[in-house]
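# Structural characterization, general
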Amino acid sequence: MSKQKYTDAIKAEAKRLGFLSCGISKAEFLEEEAPRLEAWLKNNMNGEMRYMENHFDKRLDPTLLVEGSKSVVSLLLNYYPSEFQSEDAYKLSKYAYGTDYHFVIKDKLKSLLHFIQDEIGDVNGRAFVDSAPVLDKAWAAKSGLGWIGKHSNLLTQQVGSFYFIAELIIDLELEYDRPVTDHCGTCTACIDACPTEAITEPYIVDGSKCISYFTIELKENIPTEFKGQFNDWMFGCDICQDVCPWNRFSKSHDEPLFNPHPELLSMTKKDWEEITEDTFKKVFKKSPVKRTKFKGLARNIEFLKD
Ligand code: SF4
Ligand code: SF4
(Lines give C-alpha, C1' and ligand atoms only; values in the text may rest on other atoms or scores of the structure.)
(Ligands and ions follow the chains in the order given, each with its own letter.)
Protein backbone atom coordinates (compact mmCIF):
# COMPACT_ATOMS: atom_id res chain seq x y z
CA MET A 1 0.00 0.00 0.00
CA SER A 2 1.20 3.55 -0.67
CA LYS A 3 1.50 6.33 1.92
CA GLN A 4 -1.68 7.88 0.54
CA LYS A 5 -3.59 4.61 0.85
CA TYR A 6 -2.47 4.15 4.49
CA THR A 7 -3.52 7.72 5.22
CA ASP A 8 -6.95 7.23 3.61
CA ALA A 9 -7.47 3.94 5.44
CA ILE A 10 -6.62 5.47 8.84
CA LYS A 11 -8.95 8.44 8.26
CA ALA A 12 -11.79 6.15 7.15
CA GLU A 13 -11.36 3.95 10.23
CA ALA A 14 -11.30 7.04 12.49
CA LYS A 15 -14.68 8.08 11.02
CA ARG A 16 -16.04 4.57 11.51
CA LEU A 17 -14.98 4.66 15.17
CA GLY A 18 -17.05 7.82 15.63
CA PHE A 19 -14.41 10.54 15.49
CA LEU A 20 -15.61 13.80 13.98
CA SER A 21 -12.43 14.27 12.00
CA CYS A 22 -8.83 13.20 11.70
CA GLY A 23 -5.82 15.24 10.55
CA ILE A 24 -2.18 14.26 10.35
CA SER A 25 1.11 16.14 10.80
CA LYS A 26 4.74 15.23 10.59
CA ALA A 27 6.13 14.51 14.08
CA GLU A 28 8.64 17.32 14.51
CA PHE A 29 9.60 20.13 16.88
CA LEU A 30 6.76 22.68 17.23
CA GLU A 31 8.89 25.70 16.42
CA GLU A 32 6.14 28.34 16.43
CA GLU A 33 4.73 27.14 19.75
CA ALA A 34 8.00 27.21 21.69
CA PRO A 35 8.20 31.00 22.33
CA ARG A 36 4.44 31.18 23.03
CA LEU A 37 4.56 28.43 25.63
CA GLU A 38 7.65 29.93 27.20
CA ALA A 39 6.05 33.39 27.52
CA TRP A 40 2.80 31.91 28.90
CA LEU A 41 4.68 30.02 31.61
CA LYS A 42 6.97 32.96 32.34
CA ASN A 43 3.95 35.16 33.02
CA ASN A 44 2.62 32.53 35.47
CA MET A 45 -0.54 32.06 33.41
CA ASN A 46 -0.57 28.42 34.50
CA GLY A 47 -1.37 29.43 38.12
CA GLU A 48 -1.12 26.35 40.33
CA MET A 49 -1.02 24.08 37.29
CA ARG A 50 2.67 23.39 37.90
CA TYR A 51 2.56 20.23 35.76
CA MET A 52 2.48 22.57 32.74
CA GLU A 53 6.09 23.49 33.52
CA ASN A 54 7.27 19.89 33.37
CA HIS A 55 8.47 18.17 30.24
CA PHE A 56 8.93 21.46 28.37
CA ASP A 57 10.99 19.81 25.60
CA LYS A 58 8.73 16.78 25.32
CA ARG A 59 5.71 19.06 24.97
CA LEU A 60 7.24 20.60 21.90
CA ASP A 61 8.86 17.56 20.34
CA PRO A 62 6.88 14.32 19.90
CA THR A 63 10.00 12.40 18.87
CA LEU A 64 11.15 12.74 22.49
CA LEU A 65 7.88 11.23 23.66
CA VAL A 66 7.69 8.31 21.24
CA GLU A 67 10.97 7.02 19.93
CA GLY A 68 11.23 6.96 16.17
CA SER A 69 7.86 8.69 15.74
CA LYS A 70 7.04 10.02 12.29
CA SER A 71 3.42 11.18 12.47
CA VAL A 72 0.99 12.82 14.87
CA VAL A 73 -2.57 11.70 14.09
CA SER A 74 -5.01 14.18 15.67
CA LEU A 75 -8.62 13.27 16.26
CA LEU A 76 -11.71 15.18 17.35
CA LEU A 77 -14.60 13.65 19.26
CA ASN A 78 -17.82 15.63 19.55
CA TYR A 79 -19.39 16.09 22.99
CA TYR A 80 -22.05 18.71 22.27
CA PRO A 81 -25.15 17.44 24.10
CA SER A 82 -28.73 17.21 22.87
CA GLU A 83 -30.18 17.96 26.31
CA PHE A 84 -29.04 20.57 28.80
CA GLN A 85 -29.22 21.33 32.51
CA SER A 86 -32.26 23.08 33.95
CA GLU A 87 -32.26 26.88 33.56
CA ASP A 88 -32.27 27.25 37.33
CA ALA A 89 -29.09 25.31 38.06
CA TYR A 90 -25.43 25.80 38.87
CA LYS A 91 -23.69 24.88 35.66
CA LEU A 92 -21.27 22.21 34.57
CA SER A 93 -19.17 22.50 31.48
CA LYS A 94 -20.88 20.46 28.77
CA TYR A 95 -17.89 18.18 28.34
CA ALA A 96 -18.47 16.88 31.87
CA TYR A 97 -22.08 15.72 31.46
CA GLY A 98 -21.34 12.04 30.87
CA THR A 99 -18.65 9.40 31.31
CA ASP A 100 -15.09 10.65 31.68
CA TYR A 101 -13.79 11.23 28.16
CA HIS A 102 -10.41 9.74 29.01
CA PHE A 103 -11.98 6.26 29.15
CA VAL A 104 -14.16 6.73 26.09
CA ILE A 105 -11.42 8.13 23.88
CA LYS A 106 -8.63 5.82 25.07
CA ASP A 107 -10.71 2.82 23.95
CA LYS A 108 -11.29 4.35 20.53
CA LEU A 109 -7.61 5.26 20.14
CA LYS A 110 -6.58 1.72 21.06
CA SER A 111 -8.98 0.36 18.43
CA LEU A 112 -7.48 2.71 15.85
CA LEU A 113 -3.94 1.65 16.72
CA HIS A 114 -4.92 -2.03 16.49
CA PHE A 115 -6.49 -1.37 13.11
CA ILE A 116 -3.25 0.23 11.90
CA GLN A 117 -1.21 -2.69 13.21
CA ASP A 118 -3.56 -5.27 11.66
CA GLU A 119 -3.87 -3.55 8.28
CA ILE A 120 -0.44 -2.00 7.87
CA GLY A 121 1.96 -4.05 9.96
CA ASP A 122 4.54 -3.47 12.63
CA VAL A 123 3.65 0.10 13.66
CA ASN A 124 4.52 1.36 17.12
CA GLY A 125 2.80 4.26 18.79
CA ARG A 126 1.16 5.76 21.83
CA ALA A 127 -2.28 7.19 22.47
CA PHE A 128 -2.71 10.53 24.23
CA VAL A 129 -5.84 12.06 25.70
CA ASP A 130 -5.21 15.25 27.61
CA SER A 131 -3.02 13.19 29.92
CA ALA A 132 0.56 13.53 28.78
CA PRO A 133 2.65 16.45 27.65
CA VAL A 134 1.18 16.93 24.20
CA LEU A 135 0.05 20.33 22.88
CA ASP A 136 -3.11 18.89 21.40
CA LYS A 137 -4.63 22.15 20.10
CA ALA A 138 -1.41 23.06 18.30
CA TRP A 139 -1.22 19.64 16.65
CA ALA A 140 -4.87 19.67 15.64
CA ALA A 141 -4.46 23.15 14.11
CA LYS A 142 -1.27 22.15 12.30
CA SER A 143 -3.20 19.16 10.90
CA GLY A 144 -5.96 21.35 9.49
CA LEU A 145 -8.72 20.31 11.92
CA GLY A 146 -9.57 23.91 12.74
CA TRP A 147 -7.93 27.13 13.86
CA ILE A 148 -7.13 28.29 17.38
CA GLY A 149 -9.59 31.08 18.15
CA LYS A 150 -9.16 34.21 20.23
CA HIS A 151 -10.43 32.18 23.25
CA SER A 152 -7.54 29.75 22.61
CA ASN A 153 -9.78 26.79 21.79
CA LEU A 154 -9.71 24.97 18.49
CA LEU A 155 -12.75 25.74 16.32
CA THR A 156 -14.09 25.04 12.85
CA GLN A 157 -16.61 26.69 10.58
CA GLN A 158 -18.48 23.39 10.27
CA VAL A 159 -18.99 22.33 13.91
CA GLY A 160 -17.70 25.04 16.23
CA SER A 161 -15.57 24.00 19.20
CA PHE A 162 -17.36 21.53 21.48
CA TYR A 163 -15.18 18.47 21.00
CA PHE A 164 -12.29 16.65 22.63
CA ILE A 165 -8.90 16.45 20.98
CA ALA A 166 -6.74 13.33 21.14
CA GLU A 167 -3.66 12.00 19.38
CA LEU A 168 -1.90 8.89 18.24
CA ILE A 169 1.82 9.38 17.79
CA ILE A 170 3.16 6.63 15.55
CA ASP A 171 6.34 5.62 13.75
CA LEU A 172 4.71 5.43 10.35
CA GLU A 173 5.13 8.05 7.64
CA LEU A 174 1.87 9.33 6.21
CA GLU A 175 0.57 12.13 3.99
CA TYR A 176 0.37 15.37 5.96
CA ASP A 177 -2.41 17.96 6.14
CA ARG A 178 -2.11 21.73 6.07
CA PRO A 179 -3.50 24.28 8.55
CA VAL A 180 -6.76 26.10 7.74
CA THR A 181 -7.31 29.87 7.77
CA ASP A 182 -8.33 31.75 10.92
CA HIS A 183 -11.96 32.89 10.64
CA CYS A 184 -12.22 34.94 13.85
CA GLY A 185 -11.97 38.12 11.80
CA THR A 186 -13.00 41.25 13.73
CA CYS A 187 -15.16 39.29 16.19
CA THR A 188 -14.38 39.78 19.89
CA ALA A 189 -17.46 38.06 21.37
CA CYS A 190 -15.45 35.66 23.54
CA ILE A 191 -13.18 38.38 24.90
CA ASP A 192 -16.12 40.66 25.69
CA ALA A 193 -18.12 37.90 27.40
CA CYS A 194 -15.43 36.47 29.67
CA PRO A 195 -16.55 37.54 33.15
CA THR A 196 -13.11 37.32 34.80
CA GLU A 197 -11.24 39.01 31.94
CA ALA A 198 -9.12 35.88 31.56
CA ILE A 199 -8.69 36.47 27.82
CA THR A 200 -6.10 39.17 28.35
CA GLU A 201 -5.59 39.74 24.64
CA PRO A 202 -6.71 37.93 21.49
CA TYR A 203 -5.40 34.33 21.55
CA ILE A 204 -3.97 34.61 25.10
CA VAL A 205 -5.87 33.13 28.03
CA ASP A 206 -4.49 33.68 31.49
CA GLY A 207 -5.24 30.22 32.87
CA SER A 208 -4.85 31.49 36.42
CA LYS A 209 -7.90 33.80 35.97
CA CYS A 210 -10.16 31.32 34.20
CA ILE A 211 -13.27 29.93 35.92
CA SER A 212 -12.30 26.44 34.72
CA TYR A 213 -9.06 26.74 36.63
CA PHE A 214 -10.72 28.06 39.79
CA THR A 215 -13.44 25.42 39.83
CA ILE A 216 -11.37 22.39 38.77
CA GLU A 217 -7.65 22.89 39.29
CA LEU A 218 -7.33 25.22 42.26
CA LYS A 219 -6.97 23.34 45.53
CA GLU A 220 -7.05 26.37 47.83
CA ASN A 221 -9.97 28.72 48.43
CA ILE A 222 -11.17 30.71 45.43
CA PRO A 223 -9.97 34.34 45.82
CA THR A 224 -12.84 36.45 47.15
CA GLU A 225 -12.15 39.21 44.59
CA PHE A 226 -13.81 36.93 42.01
CA LYS A 227 -17.02 36.56 44.05
CA GLY A 228 -20.09 37.28 41.93
CA GLN A 229 -18.20 36.85 38.64
CA PHE A 230 -18.74 33.15 37.96
CA ASN A 231 -22.21 33.41 36.39
CA ASP A 232 -23.29 30.21 38.20
CA TRP A 233 -20.55 27.99 36.73
CA MET A 234 -19.66 25.35 39.35
CA PHE A 235 -17.44 23.06 37.27
CA GLY A 236 -15.65 24.49 34.25
CA CYS A 237 -17.01 27.33 32.15
CA ASP A 238 -18.34 27.39 28.58
CA ILE A 239 -19.10 31.12 28.27
CA CYS A 240 -16.46 31.97 25.66
CA GLN A 241 -17.52 28.98 23.57
CA ASP A 242 -21.27 29.52 24.05
CA VAL A 243 -21.05 33.06 22.66
CA CYS A 244 -18.89 32.10 19.69
CA PRO A 245 -20.89 32.53 16.47
CA TRP A 246 -19.34 29.38 14.98
CA ASN A 247 -20.95 27.28 17.70
CA ARG A 248 -24.32 27.91 16.09
CA PHE A 249 -23.18 25.03 13.91
CA SER A 250 -22.59 22.58 16.78
CA LYS A 251 -24.42 19.30 16.27
CA SER A 252 -25.24 16.92 19.09
CA HIS A 253 -23.00 13.92 19.64
CA ASP A 254 -24.14 10.33 19.19
CA GLU A 255 -21.98 8.75 21.89
CA PRO A 256 -24.31 7.16 24.47
CA LEU A 257 -21.54 7.22 27.10
CA PHE A 258 -21.57 11.02 27.03
CA ASN A 259 -25.24 11.17 28.00
CA PRO A 260 -25.74 12.55 31.52
CA HIS A 261 -27.39 10.83 34.44
CA PRO A 262 -31.06 11.94 34.10
CA GLU A 263 -31.05 13.45 37.58
CA LEU A 264 -28.23 15.80 36.61
CA LEU A 265 -30.40 17.57 34.05
CA SER A 266 -33.31 18.18 36.39
CA MET A 267 -31.37 19.35 39.47
CA THR A 268 -32.06 22.95 40.49
CA LYS A 269 -29.83 25.34 42.42
CA LYS A 270 -31.55 24.26 45.62
CA ASP A 271 -30.85 20.59 44.83
CA TRP A 272 -27.20 21.38 44.17
CA GLU A 273 -26.93 23.32 47.42
CA GLU A 274 -28.33 20.32 49.29
CA ILE A 275 -26.41 17.63 47.41
CA THR A 276 -25.18 14.74 49.58
CA GLU A 277 -22.09 12.67 49.00
CA ASP A 278 -24.32 9.70 48.02
CA THR A 279 -26.09 11.71 45.30
CA PHE A 280 -22.70 13.02 44.11
CA LYS A 281 -21.46 9.43 43.77
CA LYS A 282 -24.60 8.37 41.92
CA VAL A 283 -24.86 11.32 39.50
CA PHE A 284 -21.12 11.51 38.82
CA LYS A 285 -20.27 7.82 38.66
CA LYS A 286 -17.36 7.62 36.18
CA SER A 287 -17.68 11.37 35.49
CA PRO A 288 -14.78 13.83 35.07
CA VAL A 289 -16.42 15.85 37.87
CA LYS A 290 -14.98 13.30 40.30
CA ARG A 291 -11.72 15.15 39.83
CA THR A 292 -12.84 17.86 42.26
CA LYS A 293 -14.26 15.23 44.60
CA PHE A 294 -17.41 15.98 46.58
CA LYS A 295 -15.51 18.45 48.74
CA GLY A 296 -14.32 20.49 45.76
CA LEU A 297 -17.75 20.73 44.17
CA ALA A 298 -19.28 21.69 47.53
CA ARG A 299 -16.64 24.45 47.86
CA ASN A 300 -17.53 25.78 44.41
CA ILE A 301 -21.27 25.77 45.16
CA GLU A 302 -20.66 27.58 48.44
CA PHE A 303 -18.67 30.22 46.54
CA LEU A 304 -21.56 30.76 44.11
CA LYS A 305 -24.25 31.15 46.77
CA ASP A 306 -25.44 34.72 47.33
S1 SF4 B 1 -13.74 29.52 30.06
FE2 SF4 B 1 -14.90 31.20 31.01
S3 SF4 B 1 -13.48 32.19 32.42
FE4 SF4 B 1 -12.26 30.90 31.04
S5 SF4 B 1 -11.65 32.23 29.37
FE6 SF4 B 1 -13.58 31.30 28.72
S7 SF4 B 1 -15.19 32.71 29.39
FE8 SF4 B 1 -13.31 33.26 30.47
S1 SF4 C 1 -16.11 34.32 19.66
FE2 SF4 C 1 -15.34 35.36 17.83
S3 SF4 C 1 -13.22 35.89 18.34
FE4 SF4 C 1 -13.87 34.37 19.82
S5 SF4 C 1 -13.21 32.41 18.96
FE6 SF4 C 1 -15.33 32.74 18.26
S7 SF4 C 1 -15.12 33.76 16.28
FE8 SF4 C 1 -13.13 33.92 17.31
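Residues numbered from 1 in each chain as written. Chains lettered and ligands numbered in written order. Predicted model: local features only at pLDDT ≥ 70, side-chain atom pairs only at ≥ 80, totals over all residues. Heavy atoms only, no water.

### Comments concerning the side chain of Thr 7
As for its placement among the helices and strands, Thr 7 is situated in helix H1 (residues 3–16). With sequence-adjacent residues up to four places away left out, Thr 7 is seen in contact with Ile 24, Leu 174 and Glu 175. (Helix = DSSP H or I, 4+ residues; strand = E, 2+ residues; numbered from the N terminus. Contact = heavy atoms within 4.5 Å.)

### Remarks on the site of ligand 1
In the vicinity of ligand 1, the residues found are Cys 194, Thr 196, Ala 198, Ile 199, Cys 210, Ile 211, Cys 237, Ile 239 and Cys 240. Grouping the amino acids of the shell around ligand 1 by side-chain chemistry returns eight nonpolar, one polar and no charged. (Near = heavy atom within 4 Å. Nonpolar A, V, L, I, M, F, W, Y, C, P; charged D, E, K, R; others polar.)

### So, helix H5 (residues 101–119)
End to end, H5 covers 27 Å across 19 residues, agreeing with the expected 27 Å (1.5 Å per residue, within 8%). Residues of H5 that are buried in the fold lie against H1, strand E2 (71–78), strand E4 (125–128) and strand E7 (163–170). Positive phi appears at Gly 121, one or two residues downstream of H5, with a value of about 130 degrees. (Expected span 1.5 Å × (residues − 1).)

### A word on the packing of aromatic side chains
Applying the stated criterion across every chain yields a total of 19 aromatic pairs. Between Phe 230 and Phe 303, the aromatic rings sit 5.0 Å apart at their centres with planes inclined by 50 degrees, giving tilted as the arrangement. One end of the pair, Phe 230, is in the loop between helix H8 (211–217) and strand E10 (233–235); the other, Phe 303, is in helix H13 (residues 293–304), and 73 residues separate them in sequence. Under the relative-accessibility criterion, Phe 303 is labelled buried at 11%. Aromatic pair Phe 280 and Phe 294: ring centres 5.8 Å apart, planes at 70 degrees, arrangement edge-to-face. Of the two residues, Phe 280 sits in helix H12 (residues 277–283) while Phe 294 sits in helix H13, which places them 14 residues apart along the sequence. The exposure class assigned to Phe 280 is buried, which follows from its relative accessible area of 6%. Here the aromatic cluster, defined as three or more aromatic residues joined through ring pairs, consists of Tyr 79, Tyr 80, Phe 84, Tyr 95, Tyr 101, Phe 162, Phe 164, Phe 235 and Phe 258. Here Lys 227 stacks its cationic end above the ring of Phe 303, 5.3 Å away from the centre of that ring. (Phe/Tyr/Trp six-rings, centres within 6.5 Å; stacked < 30°, edge-to-face > 60°. Buried < 20%, exposed > 50% of the residue type's maximum accessible area, 1.4 Å probe, protein only. Lys NZ or Arg CZ within 6 Å of the ring centre and 35° of its normal.)

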